[in-house]
Amino acid sequence: MRGFWNKVFNLEVVCCPCLLKADIISTVEFNHSGELLATGDKGGRVVIFQQEQENKIQSHSRGEYNVYSTFQSHEPEFDYLKSLEIEEKINKIRWLPQKNAAQFLLSTNDKTIKLWKISERDKRPEGYNLKEEDGRYRDPTTVTTLRVPVFRPMDLMVEASPRRIFANAHTYHINSISINSDYETYLSADDLRINLWHLEITDRSFNIVDIKPANMEELTEVITAAEFHPNSCNTFVYSSSKGTIRLCDMRASALCDRHSKLFEEPEDPSNRSFFSEIISSISDVKFSHSGRYMMTRDYLSVKIWDLNMENRPVETYQVHEYLRSKLCSLYENDCIFDKFECCWNGSDSVVMTGSYNNFFRMFDRNTKRDITLEASRENNKPRTVLKPRKVCASGKRKKDEISVDSLDFNKKILHTAWHPKENIIAVATTNNLYIFQDKVN
Amino acid sequence: MLGKGEKRKFDEHEDGLEGKIVSPSDGPSKVSYTLQRQTIFNISLMKLYNHRPLTEPSLQKTVLINNMLRRIQEELKQEGSLRPVLAAAASPPPDSLSASYREAPAVLSAPAPPPPALASDLGSTTPLEACLTPASLLEDDNDAPFCTSPAAPPAAPARLPAPAPPPEKDSFSSALDEIEELCPTSTSPGAAAAAPDTSRGGSGAPSVPRPDDPKLMDSLPGNFEITTSTGFLTDLTLDDILFADIDTSMYDFDPCTSAAGTASKMAPVSADDLLKTLAPYSSQPVAPSQPFKMDLTELDHIMEVLVGS
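Below, the structure is looked at part by part. (Residues numbered from 1 in each chain as written. Chains lettered and ligands numbered in written order. Predicted model: local features only at pLDDT ≥ 70, side-chain atom pairs only at ≥ 80, totals over all residues. Heavy atoms only, no water.)

Remarks on the pattern of salt bridges
Residue and element names in this part refer to chain A.
Right, so step 1: If you walk through the whole model with that rule in mind, you get 31 salt bridges over all chains.
Right, so step 2: When the shortest N-O distance is used, the salt bridge between arginine 152 and glutamate 126 registers 3.1 Å. Of the two residues, arginine 152 sits in strand 11 (residues 150-166) while glutamate 126 sits in strand 10 (residues 113-126), which places them 26 residues apart along the sequence.
Right, so step 3: One salt bridge in this structure joins aspartate 338 and lysine 412, with 3.0 Å as the shortest N-O distance. Of the two residues, aspartate 338 is situated in the loop between helix 2 (327-332) and strand 24 (342-344) and lysine 412 in the loop between strand 29 (401-403) and strand 30 (415-418); the sequence distance between them amounts to 74 residues. Residues aspartate 338 and lysine 412 agree in their burial class; the two are buried. (Salt bridge = Lys/Arg side-chain N within 4 Å of Asp/Glu carboxyl O. Helix = DSSP H or I, 4+ residues; strand = E, 2+ residues; numbered from the N terminus. Buried < 20%, exposed > 50% of the residue type's maximum accessible area, 1.4 Å probe, protein only.)

So, in C-alpha cells, the structure goes:
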C-alpha cells in the first residue's frame, strides 16, 4: 500500500446537519470506468457524481466528484394484502457497461428493480419553421421563408428516465442484483429465491434458486447475497445466513437448487458461543476482478476464498475482533445484524470494509498489513492526510488509541466502494459520502 | 449500553459472561451460563414480539432469532430430561407467572397480541410447540402474526385469560377461572374456590393453615414457593415443572449490590432492564425488587373475599 490516504474533498449528500431518514445512504457503486459514482438512499433517491475531467492534466489530483444527476428512483408503496409499507430504500445499484452515449444502471428496492437510462443533453435545435422558440405553433400563413434548424449548445442537462420496470417477481425482500457477463441477463436475489431476468423482458423471469421449505416452520436459513461470476456467464454464487456459500452452474439444470460447490469453514470450537451462528451469517459476497477468488464478509471478519478450495478460506482478516466479547450487548441493540459490505481494489491486492465509529479497514493481501481509518467531519479538510486509528481492546490504553467502550455503534460504515482503476475510494457514513484518494506526491 | 459511547471502567471479569460459551459443567460458572442463556432467551423473545414495524420485519433477522430460541430450547429440553426441576430455572420472570394471580381486570386489559404468545413461550419447557409459533411469522400468508400455534398447551391460558375473555367478568371470578384452568382435573367450582384457599394458605408445609390469617401470608417468603407444596397443585404435571422448586436465584440477585455481581457485570444491567421492560406485559408497573410482595397483598384480598363469602 502506497502510504497514507489523502482526503481530497468531502461530499455531503444532504446539506442540513440533522439526520434525515430519507437521506441515509444505503448503497454506493462506481461505474465500470470509475468516472461515475452512484449512491442510493433510504428515501429512494439516486444521486450520481461525476469525476471532473479537466484536472487530470494536473499531476497532484485526479479530479473531484461533483453531482451529475439526481432522480427519484423508487417511491414508497403499500402492500394492501399484508397491510405493510414497502420501503423505497434503494438496496443495490449496479451499472451496466457503457454501450453508447447514455449510461444505464439497475436500481432496486425490496420488491422492484428498475433500469434507468441516464443521458446528457447539451445541444438543442433552434430555428424551427413551424414553431416559435417557446414552442407555440406559428400561424402557417406567416411562414414566408424556410430555414434549416440548427443545433446550438445549451447548458448541460442530465436526464434520467426509467426504461424497464421489473416487478412482482419477489415475495421476499430483494438483497442483491448482479449483472451477468453476457450483459444481457441479470439475477435478483431475495431471502429465499433467486430469479434470472433478461434486461429486455419485464413480464417474465426465471426462478433459478428456491430454498423455501414446504413448511415455513422448518425455515432455518436464508439467502443473504448473490453475484454472477465476472467472466463465466453460467456461474454464480449465493451466500447464506449460516455462513455457507454455494456456487452454481446454470448449465447443470434449470433450477440450481443443487450446488456445484459448497464453501464452508468448519467452526472453531474454542470460539463457540450463543452467537456463533449469527456472526457467521454472511452479509456480502464479491468476486475478485480476476474471477479466481471471492470475498465474504461476516460480522467479525473478511474471508478470501479460492474457488478451487471449498473447505476453508485461503485468507481471513479480522475486522474488529475486539467486539467478540461484546456480542451479547450487540445482540441486544441489534448491531449484530448490521450488514457490512466489502470491496476489492482494481488489482485485487487490497480489500476494504467498514466498521463502527465511522472506521473503515483496509487489508493488503500481499504485505499482510492492515490499516484503520476514520471518516469524520472534524479533521477532514481537503488535502488532509488521514491518520491511522487504533482500537484498544483491553489493558492499558495508549495515547491516541480508542477504547472499545467509547466506540459509537450508531456511526457505522456499511457501504464502501473502490474505483475500478485508480486508488480512489468512496466511503458512506450514515448520511455523508466521503471520497478519498491516494496521496500521489 | 455501548451505543452511547460512554466510558466504562475496565473490568476483567466482563469476558466471563459474554462471548465465550461457558461449559455448563463448570461449577461456579454454571449459574452465569444459565443466566446468560436465560437473558439471551428473553431478549430473543422480546425482539420477536415487541416489534411492530410498519414494514415487514427482516426475514433473516427473524430466522436467526428463531434459531437462537430453538437452540436454547433444545438445551433446556435436554437438561429438562435430566433434571426436570432445574429446567424451570429458565422460567420466566415473576411478572408473567404472577399475572394469573393479579386482579383480573388488569390482566384482561393486557394487550392481546403480544402477551399470549410471549407468556406461553416464556421459559416453560413443555410447550415447545408453542415456542415454534414464531416460525409462523415467516409465512407470508399469515396475517395473524401473533396467533398462538394450535399446539399451545392448556397451560398457556393459565398465564392470561382465554384469548377473548368476556369483559364483564368481575375480577374475582376471573381469578377463579384462571386458577381453575391451572387445574384441569378439578371440575367443581367448589374445588376451584377451595384452590385459592389452600394455595394461598400454603406455608411450605403440607398442612393448610387457617385461611383467615393474613399475618401468616405476610410472613411467607415472597415467591411462588407458596404454591408448590400444596397438595392442590401436585396433581398437575405441567405446573410441577412450572412451579416446583423454582430457582429464583436470578430474581433474588440484586444487580446493584451483589458481591457476586462482578462476574457478570453486563448481564445485571440487561436482566434488570428485562424485568422492567417485561412489566408492561403484565400491564402493571412492577419494580423489580418487589413483585412478590404485591402478589401477597392481592392474595390477601382474594382470600378475604372468599372467606367472607
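Don't stop here, the text continues.
Describing the sheet that holds strand 21 (residues 293-297) of chain A
Residues and elements named next belong to chain A.
Right, so step 1: Taking strand neighbours across the sheet as the criterion, the four strands line up as 20-21-22-23 in an open arrangement whose pairing is antiparallel. With partners counted over all chains shown, the strands left at the sheet margins are strand 20 (284-287) and strand 23 (315-318), one partner each. Going across the sheet, the axis of each strand differs from the next one's by a mean of 15 degrees, ignoring polarity.
Right, so step 2: Summarising the sheet, strand 20 and strand 21 pair through four bridges and their orientation is antiparallel. From the neighbouring strand, phenylalanine 287 faces strand 21, where its bridge partner is methionine 294. (Pairing = 2+ DSSP bridges. Axes fitted to C-alpha atoms, helices over the stretch in contact; angles between N-to-C directions.)

Description of the sheet that holds strand 16 (residues 223-228) of chain A
Residues and elements named next belong to chain A.
Right, so step 1: Judged by pairing direction, the sheet is antiparallel, and its four strands sit side by side in the order 16-17-18-19 without closing on themselves. This sheet does not close on itself; its edge strands, each paired only once, are strand 16 and strand 19 (261-263). Here the average twist between neighbouring strands, direction ignored, is 20 degrees.
Right, so step 2: Pairing of strand 16 with strand 17 (residues 235-240) involves five bridges; the strand directions are antiparallel. Note on strand 17: the bridge partner recorded for phenylalanine 228 is phenylalanine 236.

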